[in-house]
Amino acid sequence: MNFFEEFKPDLEEFFEMTEKFHKQEISKGEYKGFSGGYGSYAQRDGKLHMLRLRMTGGRFTKERMKYVIDCMEKYKINKLHLTTCQSLQLHNLEPAVLTSIIEGAWAAGMISRGGGGDFPRNVMASPLSGVQKGENFDVLPYAEQAGEYLFHFIKSVKFPRKLKVCFSNSPENEPHATFRDLGFVSRQDGKFDVYSAGGLGNNPRLGAKVAEEVAPEKILYYIKAMVDTFVAYGNYENRGKARTRYMQDSLGTQGYIKAYQEKLAKVLEEEKLDFTVTIPEYTKKGTDKIKENRRVIEQKQDKLYAVYYQPIGGDLKPEKLKELYETIKDMDQVEARITPEEGMYIINCTAQEAERVLLVTNDGANTLFETSVACIGNSICQVGVRDSQALLAECLKAVRKENFADNVLPKIHISGCPSSCAAHQIGTIGFRGGVKKTAEGTVPAFVFFEGGSAQQGQEIISKDGNAMAIEDIPKFLVELGKTVEAAGMTYDKWIENSHEKLLSLVEKYTA
């Protein structure tokens, strides 16, 4: 189905509502409730806008890059952000050009419809799917089928809240398939296990396993069953309890599984949703080995490589995107994949091509700590509590002065509010925006989290800790780094037998 033609007529209403908002004929809340369905929100100042471009599995092809670059030049776009849902956000957009940018993006295959609001969101997948050594199988073609199918519900079904669907190709579980609204977890036998009604944020829950050994060509039945279950049992009265994970509370986990399976049985009986896909074969051949580099990953295709690029905080400089495009535009079968942690892989590179990509992406993270994740923060986000990007910048500034060896400090996850957009609850160390009570009153702070994990079979959703004043967080990280460095270890090795030392250090900065 041509969703560009399906959704294009809606743009007239979007344009009219945007005009009404800027004429103050509707409130910020009313506009947000409407515009989110187009993947767009007014920024915190109420004057400029952001636009979120959906890309199933984070697949950022050269053709899509070219459209974004053309927009940057035509409309003077000065801020891009890679999201934790494998999308690309364009920021600081003038209202007068917003509709034109959206229409062009849709024509280029980056449908923003449902990029926000109470809709099926961007379908996620392991970013190296199809090229990763040791993966169970390539899940991206199935994620793309799911993404196409979910577009059908945007105008036909009223959801209680958003619905996030994802696919993982290995136990690394990068897209968090075992704790999303609906997750398809690959198996070594070429089938999927299915988890649902999970999620981070308030009332975090691991997903309930609702099906096993699902043939890949049958996945749309399981998606339709999820849609029907959510509509039947989701909370339409209380938005705070309208996410799928609350159905595990209202129905009980076993009751939820039973309800889902009842809907599934009906869908299997009544619908015809089987499909076939062609799994891509990478015919490109490499000839040389590349010297070892922490940002280069050997693909399962012989002598082909993926180059990892993490713009600091996920903020991709517009001029850098153009430079990257100019570097790869003539490279056969090379494309980018946005990761669930605000970075990207440039895949299918020969050794010589990888060297060129490494050179042009040398402004990004060069240590594990520098790959830390931060949401866009309250300088832009309407609902943000704290400026997570500013905190990350201060932490990097303090840590870089110490010149710690790589892996002395772990990657950290910083969310500006409890929504967990930066997945602070499953980070090795995480922070989320809040306040700290002191004798002089409350001060801006971030709540501390530690010990989370997304690894399949070892998932840990960490609990709220105590609050740390913003100004103390860089000091805490520097002292932690010095402690680990003095032990002559990496953080992962140090924490195995030093958890009490970590808690003691945390207490020093949260007391």
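The coordinates are above.
Residues numbered from 1 in each chain as written. Predicted model: local features only at pLDDT ≥ 70, side-chain atom pairs only at ≥ 80, totals over all residues. Heavy atoms only, no water.

K.L.:
What should I look at first to understand the environment of Pro444 in this one?
P.N.:
Within the secondary structure, Pro444 sits in strand E19 (residues 441–450). With relative accessibility at 45%, the residue Pro444 sits in the partly exposed group. In the structure, Pro444 is positioned 114 residues away from Asp330 in sequence and 49 Å away in space, judged by C-alpha atoms. (Helix = DSSP H or I, 4+ residues; strand = E, 2+ residues; numbered from the N terminus. Buried < 20%, exposed > 50% of the residue type's maximum accessible area, 1.4 Å probe, protein only.)

K.L.:
In this structure, what is going on with the layout of surface pockets? I would like to understand it.
P.N.:
One simple way to see leftover space: roll a probe sized like a water molecule over the atoms. The space that makes up the second largest pocket amounts to roughly 1100 Å³. Surrounding the second largest pocket, 34 residues form its lining, Glu172, Glu174, Glu341, Leu368 and Lys411 being those nearest its centre. Of all the elements in the fold, those that place two or more residues in the lining of the second largest pocket are strand E11 (296–298) and helix H14 (491–496). Among the elements that make up the lining of the second largest pocket, the one with the highest residue count is H14 (3 residues). When its residues are assigned to classes, the lining of the second largest pocket shows 11 nonpolar, 14 polar and 9 charged. (1 Å grid on protein atoms, 1.4 Å probe; cavity = no way out; pocket = protein on both sides within 12 Å on 5 of 7 lines; lining within 4 Å. Points joined across faces, edges and corners; volume = space filled by probe spheres on them. Nonpolar A, V, L, I, M, F, W, Y, C, P; charged D, E, K, R; others polar.)

K.L.:
Would you mind going over the sheet that holds strand E4 (residues 79–82) with me for this structure?
P.N.:
The strands making up a sheet are joined through hydrogen bonds of the backbone, oriented either antiparallel or parallel. On the basis of which strands lie adjacent, the open sheet formed by 5 strands has the order E1-E2-E5-E4-E13 and antiparallel pairing. Each end of this open sheet is capped by a strand with a single partner; those strands are strand E1 (40–42) and strand E13 (315–316). As judged from the 3 bridges shared by E1 and strand E2 (residues 49–53), these two strands associate in the antiparallel manner. Within E2, the residue paired with Ser40 across the bridge is Leu51. (Pairing = 2+ DSSP bridges.)

K.L.:
How should I be thinking about a negative patch on the surface in this particular structure?
P.N.:
A cluster of acidic residues, Glu12, Glu13, Glu16, Glu19 and Glu25, forms a negative patch at the surface. Along the chain, Glu25 falls in the loop between helix H2 (10–22) and helix H3 (28–35). (Patch = residues over 30% accessible without salt bridge, like charges linked within 9 Å, V, L, I, M, F, W, Y side chains within 5 Å. Areas by Shrake-Rupley, 256 points an atom, 1.4 Å probe, with all protein chains shown as cover. Salt bridge = Lys/Arg side-chain N within 4 Å of Asp/Glu carboxyl O. Lys, Arg positive; Asp, Glu negative; His and termini not counted. Charge placed at Lys NZ, Arg CZ, Asp CG, Glu CD.)

K.L.:
Got a minute to help me understand the packing of helix H7 (residues 219–233) against helix H9 (residues 253–270) in this structure?
P.N.:
To characterise two packed helices, one gives the angle between the axes of the helices and the distance between these axes. Between H7 and H9, the shortest axis-to-axis distance is 8 Å and the interhelical angle comes to 125 degrees. As far as their axial angle goes, H9 and H7 are oblique. In this structure, H7 meets H9 at a crossing whose hand is right-handed. Here Tyr221, Tyr222, Lys224, Ala225, Met226, Asp228, Thr229, Ala232 and Tyr233 of H7 lie close against H9, whose contacting residues are Tyr256, Ala259, Tyr260, Lys263, Leu264, Val267 and Leu268. Its residues assigned to classes, the contact of H7 with H9 comprises 12 nonpolar, 1 polar and 3 charged. (Axes fitted to C-alpha atoms, helices over the stretch in contact; angles between N-to-C directions. Parallel < 35°, antiparallel > 145°, perpendicular 65-115°, else oblique. Left-handed = near helix turned anticlockwise from the far one by under 90°. Contact = heavy atoms within 4.5 Å.)

K.L.:
What is the right way to read the state of the cysteines from this model?
P.N.:
Each disulfide consists of one covalent bond between the sulfur atoms belonging to two cysteines. Per the counting criterion, the structure on display carries 0 disulfides. Unpaired in this structure, Cys375 has its nearest cysteine sulfur neighbour in Cys421, at a distance of 6.0 Å. (Disulfide = S-S within 2.5 Å.)

K.L.:
Would you explain the packing of aromatic side chains in this entry?
P.N.:
To describe a pair of aromatic rings, one takes the distance between the centres and the angle between the planes. With the rule as written, the count across this model stands at 23 aromatic pairs. Taking 6.2 Å as the distance between ring centres and 65 degrees as the angle between the ring planes, the aromatic pair formed by Phe7 and Trp106 counts as edge-to-face. With Phe7 in helix H1 (residues 3–7) and Trp106 in helix H5 (residues 95–107), this residue pair connects regions lying 99 residues apart in the sequence. Phe7 gets classed as buried once you look at its relative accessible area, which sits at 1%. Counting every residue linked through ring pairs, the aromatic cluster contains Phe3, Phe7, Phe14, Phe34, Tyr38, Trp106 and Phe151. The ring of Phe7 carries the charged tip of Arg113 above its face, separated from the ring centre by 5.7 Å. One residue, Arg113, lies across the ring of Phe119, its end atom 5.9 Å from the ring centre. (Phe/Tyr/Trp six-rings, centres within 6.5 Å; stacked < 30°, edge-to-face > 60°. Lys NZ or Arg CZ within 6 Å of the ring centre and 35° of its normal.)

K.L.:
Would you explain the packing of H2 against H5 in this entry?
P.N.:
Axis separation between H2 and H5 bottoms out at 10 Å; the angle between their running directions is 160 degrees. Classed by the angle they form, the pair H2 and H5 counts as roughly antiparallel. In this structure, the crossing between H2 and H5 has a hand that is right-handed. Each of Leu11, Phe14, Phe15, Thr18 and His22 in H2 lies in contact with H5, whose residues at this interface are Pro95, Leu98, Thr99, Ile102, Glu103 and Trp106.

K.L.:
I keep staring at unusual backbone geometry and nothing clicks. Help me out?
P.N.:
Excluding glycine, residues mostly carry a negative phi; peptide bonds, for their part, are mostly trans. Even without glycine at this site, Asn203 takes up a positive phi of about 55 degrees. Mapped onto the elements, Asn203 comes out in the loop between strand E9 (192–196) and strand E10 (208–214). Of the residues examined, Asn203 reaches a relative accessible area of 27% and is grouped as partly exposed. Backbone geometry at Ser420 places phi at a positive 65 degrees, although glycine is not the residue there.

K.L.:
Sorry if this is basic, but what is going on with the sheet that holds strand E17 (residues 412–415) here?
P.N.:
Spatially, 5 strands are ordered E16-E17-E18-E19-E20 in an open sheet, and the strand pairing comes out mixed. Each edge of the open sheet carries a strand with a single partner, namely strand E16 (373–374) and strand E20 (467–469). Taken together, the 3 bridges between E19 and E20 define a ladder with antiparallel strand orientation. Of the residues in E20, the one forming a bridge with Val447 is Ala467. Lying over the sheet, helix H15 (residues 499–510) contacts strand E18 (429–438), E19 and E20, oriented at roughly 55 degrees with respect to E20.

K.L.:
What exactly am I supposed to notice about the side chain of Gln89 here?
P.N.:
Relative to the assigned elements, Gln89 resides in strand E5 (residues 88–93). Polar contacts involving the side chain of Gln89 include one to the side chain of His91, which spans 3.0 Å. Excluding residues that lie within four positions of it along the chain, Gln89 makes contacts with Met50, Leu51, Arg52, Lys79, Leu80, His81 and Thr83. (Polar contact = N/O pair within 3.5 Å; in protein donor to acceptor, adjacent residues only side chain to side chain.)

K.L.:
Would you take a moment to explain the nonpolar core for this structure?
P.N.:
Across soluble globular proteins, you tend to see nonpolar side chains buried next to one another. Among the nonpolar cores identified, the biggest contains 60 residues, and Phe60, Val68, Leu90 and Ile346 are the most heavily contacted of them. Ranked by the residues each element gives to this core, the list is headed by helix H4 (residues 62–75), at 6 residues. Ignoring any residue separated from it by four or fewer positions in sequence, one finds Val68 in contact with Leu53, Phe60, Leu80, Leu88, Leu90, Met110 and Leu321. Counting residues in hydrophobic clusters, the runner-up holds 41 residues, among them Phe137, Phe159, Ala211 and Met247. (Core = buried A, V, L, I, M, F, W, Y, C linked by side-chain atoms within 4.5 Å.)

On their own, these measurements won't tell you what the molecule is for.
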